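# Chain and residue survey
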Amino acid sequence: MAATGKEGETLLADIEEEEEEEEMEREMESEDEEQMRVENSEDEDEGDTSEDERENEAEIQRLEEQLSINAFDYNCHVDLIKLLRQEGKLHRLRKARQKMSELFPLTEEIWLDWLKDEIGLTEGEEAEREKIYELFERAAKDYICPDIWLEYAQYSIGGMGTVGGIDKVRSIFERALTAVGLHMTKGAALWEAYREFEIAILSTLQPPPGSVASPEQQEQLNAQLERIHTLFRRQLAIPLMDMEGTYAEYADWTDEGVSEMVTQHYKQALQQLEKRRLYEEALLVSEPPKLAEYQSYIDYEMKEGDPARVQIVFERALAENCLVPDLWAKYTTYLDRQLKIKDLVLSCHERAVRNCPWTMSLWKNYLLALERHGAEHHIVSDVFEKALNAGFIQATDYVEIWQSYLDSLRRRVDFSKEGSRELEELRAAFTRCLEYLKQDVEERFSESGDLSCTIMQIWARIEALHCKNMQKARELWDSIMTKGNAKYANMWLEYYNLERSYGDVVHCRKALHRAVQCTTDYPEHVCEVLLTFERVEGSLEDWDAAVQKTESRLNRVNEQRVKAAEKEALLARQDEERAEQRRKSKAEKKAQKKSQKTNRTGDKRKAEDDGEDEWGEETEVAHKRLRGEGDFSLTAAEEQMETESSLFGRRAPPPRKTEPSVPRRNQQVATDTTAKVHKTVDASLDQRNDSNSVFVSNLAFNLEDPEGKLKAVLGVCGNILQVRPVFTPKGAFRGYCYVQFEDELAAHEALKLDRREVDGRPMFVSPCVDKSKNPDFKVFKYNTSMEKHKIFISGLPFNCTTENLEELCKEHGTIKAVRLVTNRSGRSKGLAYVEFENEEQASQAVLKLDRTKVENHTISVAISNPPARKAEFRPAGSQMLGALMPRQLQGARGKGRTQVSLLPRSLHRQNTPEAKTENGTVTKQQDGMTDGQGTKSLSNEDFARMLLKK
């Protein structure tokens, strides 16, 4: 039995083991399934990640390719660095940042990201820390930024355990305080960090509790306490925000109490803070770039005369306006004339040209500063070569930078030594300059920029004056004259003066004889100089030859002038005849229109009278009401008076009351009424004052209450005497009107509202001018010549607004005005003009915005240089047939698709001799008035028969 029990126990144990094994297998299977699910999901995530990585890698390659084509694409550099940092490609990221920093100064944000990444890669080795220190030094040179200096100082604290580490930290803190310690809003953070560092060192010097410090320890302790006191005193003597809290902290920290001297300096700093508080508050509430606020702040500090404070305000302004050349020029000029510290001045000049390389004046001032501070020649040459590659926007800029460089080379030459190396370098530079202007500059700008050959003139004068080499000087002047300057008297006189000073009589006489022969602008003056010269230097034969030469030349000149005057007079007469023809043509058209209106009025009345006879009075009244007219019929004179144009155009027909027809016995009353209306029109004509009036056009024909609308829009300009909308005889608004103000100033203000939208349509506001007296008067308010401070943008999307353009362009400078070019209905044409504060800002915008994309539209940006407006051509002597002929038979580009004739086909057949009219017979031309082309004038009945013919 016992054995059996043992076997049962054994069996039971085996069963339990088997169950445990099965359970473990099930758990393992479930774990495997879970693991497989996790792996599958990870594979899917990896698939998505790899797809994103491939897209980012493709974009990175595209950006790198674009930079290989144009290395100066700033935005492309920024995008590439952002993508590489996102992908964690640290090696390529470092190279991209390095390349960008060589071409451009980096912003504070880019530098802080770069420093943070590099610090994270270092392992604390001394060699690695030195590289980070070098990177901090480069960052501090681009812009004076408190955050970069604070990061630099805090990073240096990590190396204070090395030999000389504490001294290095203090040195960096002192440099930081010198650079940005006067920053009124951010400088306090550096002072506090410096104090905390010194207080931390003080805690390490304190003796353990219960022990007495040795004399050496006590001396170190006292020295450290004095450092902290000194930091407090230095900070409290500087006007900084929240300096009251610093004073309270010092009072709590010191055991001796705040001294009277420190309190006095603190109160003086508080007074300085109050004087500058308005400027600081203006900077806090204004929107970037805050240029105007900074300018006011700078002017105040320059007036106060503290160089350190002037410098810190300039640096703060440039941190937010680094692309404003005028600000850099003002800063560098101040440093050149006031501080004159070599390292500071040259560093500022270098930063200026790095930020605004397209500005020639900054490079020119940089070269002068280098020479002023005794820089080596190879450094000056390197800077000059960089200037040539900077990409100036005008050919004259290259001429001026070459002149500055050649001047510096000339000042190096010792002309007492013949054939010196410096002289040969100067001559080689002049030769290279002329080749550069002829090839590189002319290829880019289609001109050399030196039309009067100033550089060659300077070279010739140097050869004559310093080198006594008149042969070379004459060769240069021969070249100058062959470049189109031989016709100018001042050029010949310049050459003559050179020969007079350093040459001989023979060459002087030859120069003056050639001048008499070639000069076209002031030949009399050149002749007078030649005769004066011969009076002083010449023989009788020379005098006779000079007199004969000058008389012959002046006779030819007078003949040419007479011919030119006759030609000019002929052209003037032709212009007057064309103007007279235009006036006559307009008068004939106006008379013809009036006669047609009179005929139509008479025909209508005749038809109405016939209708009254046949259908009775009630039918006539109903018929008139259907046409929108009342019962009161005006005479032809009254109708003409109502539609006659005066200063304010045609009046709207007055509302007509439905009253019985005027009987014959009341005709005298109607005549009196007509006379009163005529007196009203005459009074309106007497009040006419074009100088106080404006003409408003391009208004919508369906504009409700145009008089009220215009009073509301133009009322801001001044008191309005009268608004005269112009209506058709049937009462429809023509879309234009005249507005008369009380004074001329209000009219000028109204002209500024040109293109202001009225019910979604831009109104055109122009001066009020009597066209009958000034038929050729045209108004075009915009400049048609080059405007270097304004850019022209084309290719814009049609939905682009002025706000979009301001957002696009504001980072390149201060925008004064934005004008979208629209058609008459107010729809954009995809063109715009943007006016900047100065030429440099406009040039920077062209460089940065040209060929960029705005909503998938590639825009073109250039300096505004509109083509000259051509005079409108109107064929003279063409008689218009009623209002049906087109005003201009053919446009400037010939007859276009839209220039279709408005003549009915019946009229075309009528003018053809072979065309048949009614009943199959040709209508013979009747006696009567015909137009200039022999076409018979047709009456309203003739038109009606032709248009109603089936």
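Structural data are supplied above this passage.
Residues numbered from 1 in each chain as written. Predicted model: local features only at pLDDT ≥ 70, side-chain atom pairs only at ≥ 80, totals over all residues. Heavy atoms only, no water.

### Remarks on the overall build of the chain
Regarding its fold elements, the chain presents 34 helices and 12 strands. Counting every position in the chain, which comprises 950 residues, the buried fraction comes to 35%. Within the structure as shown, the chain displays about 56,900 Å² of accessible surface, and the carbon and sulfur contribution to it stands at 50%. (Helix = DSSP H or I, 4+ residues; strand = E, 2+ residues; numbered from the N terminus. Buried < 20%, exposed > 50% of the residue type's maximum accessible area, 1.4 Å probe, protein only. Areas by Shrake-Rupley, 256 points an atom, 1.4 Å probe, with all protein chains shown as cover.)

### Quick word on the packing of aromatic side chains
Summed over the entire model, instances satisfying the criterion amount to 30 aromatic pairs. Centroid distance Phe384 to Tyr405: 4.0 Å. Interplanar angle 5°. Geometry classified as stacked. Taken together, the residues span a long stretch of sequence, with Phe384 in helix H17 (residues 377–388) and Tyr405 in helix H18 (residues 395–412) at a distance of 21 residues. Residues Phe384 and Tyr405 agree in their burial class; the two are buried. One aromatic cluster is present, formed by Phe384, Phe392, Tyr398, Trp402, Tyr405, Tyr436 and Phe445 through successive ring pairs. Lying across the ring of Tyr155, Arg129 places its NZ or CZ 4.2 Å from the centre. Above the ring of Tyr133, the side-chain terminus of Lys168 is found at 4.4 Å from the ring centroid. (Phe/Tyr/Trp six-rings, centres within 6.5 Å; stacked < 30°, edge-to-face > 60°. Lys NZ or Arg CZ within 6 Å of the ring centre and 35° of its normal.)

### A short note on the sheet that holds strand E12 (residues 860–864)
Spatially, the four strands line up as an open sheet ordered E8-E9-E7-E12, and their pairing is antiparallel. Of all the strands in the sheet, just strand E8 (815–822) and E12 have a single pairing partner and so form its edges. Taken pair by pair, the neighbouring strands of this sheet meet at an average axis angle of 25°, ignoring direction. Of the strand pairs in this sheet, strand E7 (residues 787–794) and strand E9 (residues 828–836) are connected by five bridges, and their pairing is antiparallel. Note on E9: the bridge partner recorded for Lys790 is Glu835. Packed on one face of the sheet, helix H32 (residues 839–849) meets E7, E9 and E12 and runs near 25° to E7. (Pairing = 2+ DSSP bridges. Axes fitted to C-alpha atoms, helices over the stretch in contact; angles between N-to-C directions. Contact = heavy atoms within 4.5 Å.)

### Considerations on a negative patch on the surface
A cluster of like negative charges, contributed by Glu192, Glu196, Asp242 and Glu244, occupies part of the molecular surface. With respect to the helices and strands, the residue Glu192 is situated in helix H8 (residues 187–205). (Patch = residues over 30% accessible without salt bridge, like charges linked within 9 Å, V, L, I, M, F, W, Y side chains within 5 Å. Salt bridge = Lys/Arg side-chain N within 4 Å of Asp/Glu carboxyl O. Lys, Arg positive; Asp, Glu negative; His and termini not counted. Charge placed at Lys NZ, Arg CZ, Asp CG, Glu CD.)

### Looking at the environment of Glu53
Checked against the element boundaries, Glu53 lands in helix H1 (residues 2–69). Between the C-alpha atom of Glu53 and that of Glu87, which follows or precedes it by 34 residues, the distance is 7.6 Å.

### Here's the deal with the environment of Asp504
With respect to the element layout, Asp504 can be found in the loop between helix H22 (489–502) and helix H23 (505–518). Of the residues examined, Asp504 reaches a relative accessible area of 33% and is grouped as partly exposed. Spatially, the C-alpha atoms of Asp504 and Met470 are 9.7 Å apart, while their sequence positions differ by 34 residues. Beyond its immediate sequence surroundings of up to four residues, Asp504 is in contact with Arg474 and Glu499.

### Structural notes on H32
Buried within H32 we find Gln841, Ala842, Ser843, Gln844, Ala845, Val846 and Leu849. The inward-facing, buried residues of H32 abut helix H12 (291–304), E7, helix H31 (802–809), E9 and E12. For H32, the side-chain oxygen to backbone nitrogen distance between the N-cap and Glu840 is 3.3 Å, and the N-cap itself is Asn838. Following H32 by one or two positions, Arg851 has its phi on the positive side, about 65°. (Polar contact = N/O pair within 3.5 Å; in protein donor to acceptor, adjacent residues only side chain to side chain.)

### Here we look at the pairing of E7
One ladder, built from five bridges, connects E7 with E12; its direction is antiparallel. The partner of Glu787 across the bridge, within E12, is Ser864.

### Focus: the pattern of salt bridges
One pass over the full model with this rule turns up 45 salt bridges. Across the salt bridge formed by Arg170 and Glu198, the nearest N and O atoms sit 2.9 Å from each other. On the criterion of sequence distance, the pair formed by Arg170 in helix H7 (residues 165–180) and Glu198 in helix H8 is long-range, its members being 28 residues apart. Accessibility expressed as a relative area gives 1% for Glu198, which makes it buried. Arg461 is the salt-bridge partner of Glu494, the closest N and O atoms lying 3.3 Å from each other. Of this pair, Glu494 sits in helix H22 while Arg461 sits in helix H20 (residues 454–465), and the two are 33 residues apart along the sequence. Looking at Glu494, the relative accessible area reads 29%, which means it is partly exposed. For Arg461, a relative accessible area of 31% puts it in the partly exposed group. By sharing partners, the salt bridges in this structure join Glu57, Glu64, Lys89 and Arg92 into a single network.

### Let's talk about helix H2 (residues 74–87)
The terminal C-alpha atoms of H2, which comprises 14 residues, lie 20 Å apart, in line with the 20 Å expected from a rise of 1.5 Å per residue. Listed in full, the buried residues belonging to H2 are Cys76, His77, Leu80, Ile81, Leu83 and Leu84. What you see down the axis of H2 is that its buried residues fit within an arc of 165°, all on one side. The exposed set on the far side of H2, more than 90 degrees from its buried face, consists of Lys82 and Gln86. Count one or two residues on from H2 and you reach Gly88, which has phi positive near 75°. (Expected span 1.5 Å × (residues − 1). Arc of directions from axis to C-beta.)

### What about the pairing of strand E3 (residues 733–741)?
Most of E3 is tucked away: seven of the nine residues are buried. One ladder, built from four bridges, connects strand E1 (residues 693–697) with E3; its direction is antiparallel. Among the inter-strand pairings, Val694 is bridged to a residue of E3, identified as Val739. Count of turn residues in the strand E2 (residues 720–727)/E3 antiparallel hairpin: five residues, of which Gly731 carries a positive phi of about 100°.

### Concerning the packing of H22 against H23
The interhelical angle for the contact between H22 and H23, taken along N-to-C directions, is 175°, at an axis separation of 9 Å. By the angle between their axes, H22 is roughly antiparallel relative to H23. Residues Trp492, Tyr495, Tyr496, Glu499 and Arg500 of H22 touch H23, and the partners they reach there are His507, Cys508, Ala511, Leu512, Arg514, Ala515 and Cys518. (Parallel < 35°, antiparallel > 145°, perpendicular 65-115°, else oblique.)

### Details of the side chain of Thr246
One can find Thr246 in helix H10 (residues 243–253). Judged by its relative accessible area of 5%, Thr246 is buried. Those residues in contact with Thr246 that lie beyond four places of it in its chain are Arg195, Phe232, Gln235 and Leu236.

### Focus: the nonpolar core
Looking at soluble globular proteins, one finds that nonpolar side chains tend to be buried together. One finds Ile401, Trp402 and Leu406 to be the most contacted residues of the largest nonpolar core, which totals 150 residues. Beyond its immediate sequence surroundings of up to four residues, Trp402 is in contact with Phe384, Leu388, Ala429, Arg432, Cys433, Tyr436, Leu437 and Ile455. With 23 residues, the next largest nonpolar core counts Leu710, Phe733, Ala746 and Ala747 among its residues. (Core = buried A, V, L, I, M, F, W, Y, C linked by side-chain atoms within 4.5 Å.)

### With respect to the sheet that holds E2
Within the open sheet, the four strands sit side by side as E2-E3-E1-E6. Their pairing is antiparallel. Each edge of the open sheet carries a strand with a single partner, namely E2 and strand E6 (764–767). The mean angle between the axes of side-by-side strands here comes to 25°, regardless of whether they run parallel or antiparallel. Relative to E6, E1 runs antiparallel, the two being bridged by four bridges. The partner of Ser697 across the bridge, within E6, is Phe764.

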